[in-house]
Amino acid sequence: MSKLFWIVVAFLVFGAYTIKTAYDFDFEEKDDQKNFIVKFFKWVGQLFGNLKEVTGLVTHQEWLPETNETKSVNKTR
């Protein structure tokens, strides 16, 4: 479980770094700090929305093999 935690943390840190560099935010300025926080949490919200959508698609898939309802037995020897 701890590996999954660190993978998620690394993914979020990478996303935060990408947002910071893409918008060239200067964390010394209050406006840039606020804008970064808004963009970051908007991105996290999109992640959860995408996860919800993918989970919904996965649950509607047929994962089990088809079963033969007529149990025909081949009696040739």
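Details of the structure are given in the entry above.
Since the structure is predicted, the reported quantities are computational estimates derived from the model, not experimental observations.

Chemist: Is there a simple way to explain the packing of helix α1 (residues 2–23) against helix α2 (residues 30–59) in this structure?
Modeler: Any two packed helices are characterised by how steeply their axes cross, that is the angle between the axes, and by the distance between the axes. Contact geometry for α1 and α2: axes closest at 10 Å, N-to-C directions at 135°. By the criterion of interaxial angle, the relationship of α1 to α2 is oblique. Crossing handedness for the pair α1 and α2: right-handed. Contact residues: F11, L12, G15, A16, I19, K20 and Y23 in α1; F36, K39, F40, W43, V44 and L47 in α2. Partitioning the contact of α1 with α2 into residue classes produces ten nonpolar, one polar and two charged.

Chemist: Which parts of the structure should I look at to understand unusual backbone geometry?
Modeler: With the exception of glycine, the majority of residues adopt a negative phi angle, and the majority of peptide bonds are in the trans configuration. Not every positive phi belongs to a glycine, and D24 is a case in point at roughly 50°. For D24, the position within the fold is in the loop between α1 and α2. Judged by its relative accessible area of 62%, D24 falls in the exposed class.

Chemist: So what exactly am I meant to see when it comes to the environment of L12 here?
Modeler: You can see L12 is positioned in helix α1. For the pair L12 and V44, spaced 32 residues apart in sequence, the C-alpha to C-alpha distance is 8.3 Å.

Chemist: How should I be thinking about the nonpolar core in this particular structure?
Modeler: Soluble globular proteins: nonpolar side chains tend toward being buried together. Ranked by size, the top nonpolar core spans seven residues in total: A16, I19, F25, F36, F40, W43 and V44. For this core, the secondary-structure elements that each account for two or more residues are α1 and α2. Per-element accounting of this core gives the leading share, four residues, to α2. Ignoring any residue separated from it by four or fewer positions in sequence, one finds I19 in contact with F25, F36, K39, F40 and W43.

Chemist: In this structure, what is going on with α2? I would like to understand it.
Modeler: Because an α-helix completes one turn every 3.6 residues, residues spaced three or four positions apart along the sequence face the same direction. Helix length check: α2, at 30 residues, gives a terminal C-alpha distance of 44 Å against a target of 44 Å (1.5 Å per residue), a fit within 8%. The complete set of buried residues in α2 reads D32, F36, F40, W43 and V44. If you follow the buried residues of α2, they end up packed against α1.

Rules behind the numbers
Just so you know, the residues in each chain are numbered from 1, in the order the chain's sequence is written. Owing to the predicted nature of the model, reporting of local features is limited to residues with pLDDT of at least 70; listing and counting of side-chain atom pairs is limited to 80 or more, with chain, interface and lining totals taken over all residues. Computation of side-chain values: all heavy atoms of the structure, hydrogens and water removed. Axes here refer to lines fitted to C-alpha atoms; in helices the fit is confined to the stretch in contact. Angles between the N-to-C directions go from 0 to 180 degrees. Secondary structure elements follow DSSP: runs of H or I no shorter than four residues count as helices, runs of E no shorter than two count as strands, and numbering proceeds from the N terminus. Every angle not falling under 35 degrees, over 145, or within 65 to 115 is termed oblique; those three ranges are roughly parallel, roughly antiparallel and roughly perpendicular. Crossing chirality is assigned from the near helix's rotation relative to the far helix, an anticlockwise turn below a right angle marking it left-handed and a clockwise turn marking it right-handed. The contact criterion used throughout is that any non-hydrogen atoms of two residues lie within 4.5 Å. The nonpolar class holds Ala, Val, Leu, Ile, Met, Phe, Trp, Tyr, Cys and Pro. Asp, Glu, Lys and Arg form the charged class, and all remaining residues, Gly among them, are polar. Any residue under 20% of the maximum accessible area for its type is buried, any over 50% is exposed, and the rest in between are partly exposed; the area is computed with a 1.4 Å probe on protein chains only. Residues belong to a common nonpolar core when they are buried Ala, Val, Leu, Ile, Met, Phe, Trp, Tyr or Cys residues joined through side-chain atoms within 4.5 Å. Any helix carries an expected span of 1.5 Å times its number of residues minus one.

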